[in-house]
Amino acid sequence: MKRFLIGALAVLALAASMPLIFHNEYFFFAGYVVLQFIVLATAWNILGGYAGYVNFGSGAFFAVGAYTAVALYKAFALPLGLQILAGAAASGLLGFGVGMLTLRLRGIFFSIATIAVAIVLETVVLNWHYVGGAKGLPIMRPVETPFFASHTVWLFFVMAALAVLAVGAARYIETSWIGRGLRAIRDNEVAAECSGVPTLKLKLGAATLSGALMGAAGAPYAQYLSFIEPASTFSLNYAVNALAMPIIGGMGHWIGPVIGAVLLGSVQQIVTVTISSEINVLVVGVMLVVFVVAAPEGILGLFRKLFPSRKS
Amino acid sequence: MALELTISGIDAAYGAVRALQGVSISVKDGETVALLGTNGNGKSTLMKCVMGIVRPSTGKIELKIENKNHDLTRLSTEEIVSLGVAMVPEGRRLFPKLTVEENLLLGAFRPQARPDIAKNLALCYETFDVLKQRRGQLAGSMSGGQQQMLAIARALMSSPKLLLVDEPSVGLSPLLVSNTITMIKQLKERHGLTVLMAEQNFHQAIRIADRGYLIVHGEIVFEGESVADLEANDLVKNYYLGTAG
C-alpha cells in the first residue's frame, strides 16, 4: 500500500513536471488522450475484467459525463472540478441502472443491452438542442489558466490525477474482499450466491464505480476539444478501446489495463500523426486479433509465462 | 444449542413448471436427514428454497436458532448464510479459475465469518490434507473427488450450524461416493452440525442418515422415522431396491 502511494505521488509529480521537459504543446494534447484511455480501460476492467460483465457501451458513459459537464457549464459556468464530479455522478447513476440489468441479463445478453443503452442515449442527445443537438456546440476555454503554461497542460494534469485515482480505486477493489467477490461472480455466479457473496450489491457497486470513472474521464472532453458533438462523443471507438486495452494488457491485475492503454493509446496517436487517423481503428482491430490468438491472457499473461517465478 | 428447520406446505415453480407441491419436512438439532428421490423430483429445488435462491409461492420455511425464529422466505441468501446455513451445491459448483485457497476464503465471505478465517482454514487443511498441498492450484484442475472435498470444505468455512448437502454422489466413482459420505458423517460429529442431505443413492444415504423423506414429483410421499422404516417401505422398495412385488 505504501509503495503504491509513493508510486502514485511520483506519477503525479512527473505529470506536473512534464512542462519543464516538453515544450511542444502536442505532447500534452496526445498525452491527454492516452491518460483518458487509462481511466476508461481501468474503469471498464472493474466490471468487465473482475466481474466478467462485458460492457459494450463505454462510449455512452463517457458521453454522459461529457454532456453533463457541458450542460452545467453552459447553464451555471461551473468550474472544471465540479463538472467532473457532476459528470461522474450522472454516469455513476447510469452505471447503477446498467447494474440493475445484471439481475436478468448475463453474458452476451448483458453486452447487447449495453449497446442498446448507448444507442438510445445518443439519440436523446442528438435531439437535445440546449447542448447543440446534432450540429454540436463550441465551448470557450477559459482565457487564463493559473499555474499551468496552457489550458491543455492543465487538462493533461487533471487527467493524470483522474488516472491515478482510477487505478488506485481498481487496485483497492482487486486486493480487497470486494475483488474476491467479483472474481467469484465471474467464475460462477450461482456458487457465489450460495457461498453468501452479496452478488447484486457487488455488481451494482462495480457497475456504478465503473460508470462514474468513465463519466469523470468524459467530463473535461468538451474543454479539451473546445467543441462537442454527439457522433464523436458517443463513438464506438471508446467502447472498442475500453475493452481492447484491458484484453491486450491483461484483465486480472490492475496494471493490465494501464499497460494496454499506454501501448494501444500511444500507438494510435503515433499512427494518427504519421499515417492517418483512419488507420488507427484498424490498428486496434489487428492488435486485438493478434493478442486474442497469441496471448489470450494479455501482456501480463505472456509475462507470467516467460517468468513463471515472478508473482505479480 | 437448539436449532430446528421447519418447512411447511411450500409450493415452488419455475415459470409454469411446478417443482414442489405442499412439501413439509423438518430437521431437528443434531440430526442427519436424508431427502431421497431420483432426478427431477424437486430435491435440489427444496434445497434452493431453504437457501433463498428459489422463492416458494406459498408456505413457510422457518429456522429456529436459540429460541429465535427466522422466516427464511423473507431473507436474502447472504442473510441466510449469515444465520449459519451453508450449502454444498449439486455438481460442486466451485470457482474453477480461482485457487483452492481463494475458493475456501470465498466460503467465509460474510463479515460474521471473517474473524474465524484463520481457525477454519487451518481446520480445513488439517481435515483435507490434499487441499493443503494444492492450496495454490486452480480448483478446476483437480480431480472430481478432490473438488468434492473442496466444495465441502468451502461450506465449512462459514462455521455453519446447518449444512445442506445436495447430491454429494454426483459424478463420483463408487469408492469416492462412499468416502465422501463417511467424510460428511465425521465432519458432522466433529463440528456438531445438523445435516440435510439430498441424495439419490439410497444405500449410501442411509449409511449416515437418522431418518429420511422420499420425494416424488415434487411431493413428499413417505416419511421414514428411521432407516429400518425407510427400508421396509413399499415405495422405497419400488423406486430404489427393485424388490417390490
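Regarding a nonpolar patch on the surface
Residue and element names in this part refer to chain A. A surface patch of nonpolar side chains, amounting to about 410 Å² of accessible area, comprises Tyr26, Phe29, Leu225, Phe227 and Val273. Locating Val273 in the fold gives a position in helix 13 (residues 255-274). Here Val273 falls in the exposed class, since its relative accessible area comes to 53%.

Things to note about the sheet that holds strand 4 (residues 58-65) of chain B
Residues and elements named next belong to chain B. Pairing in this open sheet of four strands is antiparallel, and the strands run 2-1-4-5 from one edge to the other. Unpaired on one side and paired on the other, strand 2 (17-28) and strand 5 (68-71) mark the two borders of the sheet. On average, each strand axis in the sheet is inclined to that of its neighbour by 20 degrees, with strand direction left out of account. With seven bridges joining them, strand 1 (residues 3-14) and strand 4 adopt antiparallel strand pairing. Of the residues in strand 4, the one forming a bridge with Leu3 is Ile65.

Section: the confidence of the model for chain B
Looking at chain B, the pLDDT average stands at 89 and 98% of residues meet or exceed 70. In the model output, the complex is listed with pTM 0.88 alongside ipTM 0.83.

Examining the interface of chain A and chain B
Across the contact, 19 residues belong to chain A and 23 residues belong to chain B. Buried area between chain A and chain B, both sides added, is near 1800 Å², and the carbon and sulfur share of it is 65%. A per-residue breakdown of the area chain A buries against chain B is headed by A:Trp177, A:Asp187 and A:Cys194, which together make up 35% of the total. Where chain A packs against chain B, one counts three salt bridges. A salt bridge links B:Glu78 to A:Lys201; its shortest N-O distance comes to 3.8 Å.

Digging into the packing of helix 2 (residues 25-50) of chain A against helix 6 (residues 151-175) of chain A
Residues and elements named next belong to chain A. Two elements in contact, helix 2 and helix 6, have axes whose closest approach is 9 Å; the angle formed by their N-to-C orientations is 20 degrees. One way to sum up the angle between helix 2 and helix 6 is to call them roughly parallel. The chirality of how helix 2 crosses helix 6 is left-handed.

Considering the packing of aromatic side chains
Residue and element names in this part refer to chain A. As enumerated under the stated definition, the model contains 17 aromatic pairs over all chains in all. Aromatic side chains Phe27 and Phe28 sit 5.2 Å apart centroid to centroid with 90 degrees between the ring planes, which places their arrangement in the edge-to-face category. For the ring pair Tyr67 and Phe234, a centre distance of 6.4 Å and an interplane angle of 25 degrees mean the geometry is stacked. Of this pair, Tyr67 sits in helix 3 (residues 58-76) while Phe234 sits in the loop between helix 11 (230-233) and helix 12 (236-249), placing them 167 residues apart in sequence.

Overview of the environment of A:Leu263
With respect to the helices and strands, the residue A:Leu263 is situated in helix 13. Through-space distance from the C-alpha of A:Leu263 to that of A:Ile248 is 9.0 Å; in sequence the pair is 15 residues apart.

Some details on the sheet that holds strand 7 (residues 162-166) of chain B
What holds strands together in a sheet is hydrogen bonding between their backbones, with the strands either parallel or antiparallel. Residues and elements named next belong to chain B. Sheet architecture is open: six strands sit in the order 6-7-8-3-9-10, paired in mixed fashion. Strand pairing shows two members of the sheet lacking a second neighbour, strand 6 (85-88) and strand 10 (219-224), which therefore form its edges. If you compare each strand with its neighbour and ignore which way they point, the axes differ by 20 degrees on average. Here five bridges tie strand 7 to strand 8 (residues 194-199), and the two strands are oriented parallel to one another. Along strand 8, the bridge assignment pairs Leu162 with Thr194. Sheet strands touched by helix 1 (residues 43-51): strand 3 (32-36), strand 6, strand 7, strand 8 and strand 9 (211-216). Its angle to strand 7, the strand with the most contacts, is close to 150 degrees. Packing against the sheet, helix 6 (residues 144-156) makes contact with strand 6 and strand 7, and its axis sits at approximately 175 degrees to strand 6.

Cut-off values and rules
- Residues numbered from 1 in each chain as written.
- Chains lettered and ligands numbered in written order.
- Predicted model: local features only at pLDDT ≥ 70, side-chain atom pairs only at ≥ 80, totals over all residues.
- Heavy atoms only, no water.
- Patch = residues over 30% accessible without salt bridge, like charges linked within 9 Å, V, L, I, M, F, W, Y side chains within 5 Å.
- Areas by Shrake-Rupley, 256 points an atom, 1.4 Å probe, with all protein chains shown as cover.
- Salt bridge = Lys/Arg side-chain N within 4 Å of Asp/Glu carboxyl O.
- Helix = DSSP H or I, 4+ residues; strand = E, 2+ residues; numbered from the N terminus.
- Buried < 20%, exposed > 50% of the residue type's maximum accessible area, 1.4 Å probe, protein only.
- Pairing = 2+ DSSP bridges.
- Axes fitted to C-alpha atoms, helices over the stretch in contact; angles between N-to-C directions.
- pLDDT = per-residue confidence, 0-100.
- Contact = heavy atoms within 4.5 Å.
- Buried area = accessible area lost by both parts, 1.4 Å probe.
- Parallel < 35°, antiparallel > 145°, perpendicular 65-115°, else oblique.
- Left-handed = near helix turned anticlockwise from the far one by under 90°.
- Phe/Tyr/Trp six-rings, centres within 6.5 Å; stacked < 30°, edge-to-face > 60°.

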